[in-house]
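Residue-level listing of the chains:
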Amino acid sequence: MEPAVPPQGNQTNGDSNLEKFGYKQELRRSLNFWDLLIYGLVFMVPIAPFGIYGYVAEGSNGMVALAYLIGMVGMVFTALSYARMSEAFPIAGSVYSYAQRGINEHVGFFAGWVILLDYILIPALLYLVSAAALGDIVPEVPMIVWLLIFIGINTVINVFGIEITAKANKVIVVLELIVLAVFVVAAIIAITKGVNGAEFSFKPLYDKDNFSIGIVMGAVSIAVLSFLGFDAISTLAEETKGGRTVVGRAVIFSLLVVGVLFIIQTWVAALIWPDYTSFENADVAFYQIAEIAGGPWLKWTTILATALAWGIADALVAQAAISRILYSMARDKKLPGILSKVHPKFQTPYVSTLLVAGISLVVTVLFASKIDGLASLVNFGALTAFLFLHLSVINYFIIKQKSKNYFSHLVLPVIGLVIIGFVWFSLDPTSKQLGFIWMAIGIVYMIGLKLFKKDSSLNVD
């Protein structure tokens, strides 16, 4: 293992100084800004709207590009809060570590518990969507076979090291962008030719005859699933080199890049199929549009791209992210200590990685026919954690540090709090009910920790 890096004195280069936070440097620092940027792009999946386009289009009365634009704006304010906290606390753990030190240990645990609902379930969701897509192409192969293949490949890569994950990400994101570029070009050509009655207009962004803020925000609560993952960049803070601002910049840039891509692809798709009420099956709506734009070959290309991007690329980084959160919470004695074990050769949290693989397999079996319910739980966990994040920025900088930078440390997080809160309230009732059950379990678990275990002593200043 690499020894703990000594204090640097310069705050901008002090991201390797974990000693002031009570930790030793155990994970290998090998990632730069571009690695993190690509990591974020892969996690969010540049072609993510392919898989849920039909639901967003129906829910937004055809203003699917507007739904993604609003979602991007809301996520940008959340990304800014992540940037502020990652600069103050350059350690693994994401919102768990930020709420823990921005507010207090109890709120930090609760925030970590809620984000677990997002991170620990999203790999299973990605595996299920990918296996279902491939099952439609090759029905002879049982779904469990695809699940074992996806989980096995990702687990091996993540155990061997984050550098391998980063290298694999670069290849995968290039392939996704190529498929996306081919679709957009084919779609634009189809629009210019008036295929399926298509013509250029701003209706996918704003249709005054069908606009309703309530309806659009309901669609945003679905579209936001495509953005989940930009925050996972912060879980790699202890494996990043180059200064405290690297993580924050990567979070913001990856979100802006992928947001623009989402808007472009959904805009042209909506123009090709303007009647958002006539989808035969919302699950495969985008692939129908791809077939109209370029023919059967483009339909099958987008299906395969979605399956591989979600099942390998996205799930790969999702598993890496949750393993780091489990590692961080276990290191603080909030989860069993074995989860903080680091591989002596590869310097990765391999026990946590293996646990995530096992959980993913169990969850995929339990939710094989309930993908929508699993997606709802993922959204609830992420949005609730984002609310804790904005509160952490306000409490840490304004109240604890007495910051006078009211714009960055108060105005921006308050705007983010309001937007995310609006989207949270637009979630469907079922996801809220299941989410509150998970939160209640967390409260019971936290009380159990207080009663039967000694809290770890942390330097949270």
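Everything below is about the structure shown above.
Residues numbered from 1 in each chain as written. Predicted model: local features only at pLDDT ≥ 70, side-chain atom pairs only at ≥ 80, totals over all residues. Heavy atoms only, no water.

**As for the overall build of the protein chain**
When its secondary structure is counted, the protein chain shows 16 helices and 0 strands. Taking all 461 residues of the protein chain together, the buried fraction comes to 60%. Surface summary for the protein chain: the accessible area is close to 17600 Å², and the carbon and sulfur share equals 69%. (Helix = DSSP H or I, 4+ residues; strand = E, 2+ residues; numbered from the N terminus. Buried < 20%, exposed > 50% of the residue type's maximum accessible area, 1.4 Å probe, protein only. Areas by Shrake-Rupley, 256 points an atom, 1.4 Å probe, with all protein chains shown as cover.)

**Here's the deal with helix α12 (residues 296-331)**
Between its first and last C-alpha atoms α12 spans 51 Å; for 36 residues at 1.5 Å apiece the expected length is 52 Å, and the two agree. Of all bends in α12, the biggest is about 35 degrees, found at A315. Of all the 36 residues making up α12, 29 are buried; the element is thus mostly covered by neighbouring parts of the structure. Phi turns positive one or two residues past the end of α12, at K333, with a value near 65 degrees. (Expected span 1.5 Å × (residues − 1). Bend = angle between axes of the 7 residues up to and from the residue.)

**Focus: the side chain of N395**
Position of N395 relative to the elements: it lies in helix α14 (residues 371-400). Under the relative-accessibility criterion, N395 is labelled buried at 18%. A distance of 2.7 Å separates the side chain of N395 from the backbone oxygen of G102, its partner in a polar contact. With sequence-adjacent residues up to four places away left out, N395 is seen in contact with G102, I103 and K400. (Polar contact = N/O pair within 3.5 Å; in protein donor to acceptor, adjacent residues only side chain to side chain. Contact = heavy atoms within 4.5 Å.)

**A look at the packing of helix α1 (residues 33-44) against α12**
Relative orientation of the contacting elements α1 and α12 amounts to 115 degrees, with a least axis distance of 7 Å. On the basis of their axis angle, the class for α1 and α12 is roughly perpendicular. The element α1 and its partner α12 pack so that their crossing is left-handed. Packed against α1, whose contacting residues are Y39, V42, F43 and M44, the element α12 presents A313, D314, V317, A318, A320 and A321 at the interface. (Axes fitted to C-alpha atoms, helices over the stretch in contact; angles between N-to-C directions. Parallel < 35°, antiparallel > 145°, perpendicular 65-115°, else oblique. Left-handed = near helix turned anticlockwise from the far one by under 90°.)

**Regarding the packing of aromatic side chains**
Inspection of the entire model under this criterion finds 26 aromatic pairs. Seen from their ring centres, F33 and F253 are 5.9 Å apart, and the 85 degrees between their planes marks the pair as edge-to-face. Linking F33 in helix α1 with F253 in helix α10 (residues 245-272), this pair joins segments that are 220 residues apart in sequence. Exposure remark for F33: the relative accessible area of 15% places this residue in the buried category. Clustering of aromatic rings is evident, with ring pairs tying together F50, Y53, F183, W273, F279 and F286. Of note, K299 hangs over the ring of W300, and the distance from its end group to the ring centre comes to 5.0 Å. (Phe/Tyr/Trp six-rings, centres within 6.5 Å; stacked < 30°, edge-to-face > 60°. Lys NZ or Arg CZ within 6 Å of the ring centre and 35° of its normal.)

**Observations regarding helix α2 (residues 49-59)**
Among the 11 residues of α2, 8 are classified as buried, and the element is accordingly described as predominantly covered. Among the residues of α2, those classed as buried are P49, F50, G51, I52, Y53, G54, V56 and A57. Positive phi appears at N61, one or two residues downstream of α2, with a value of about 55 degrees.

Worth remembering: the numbers are spatial, not functional.
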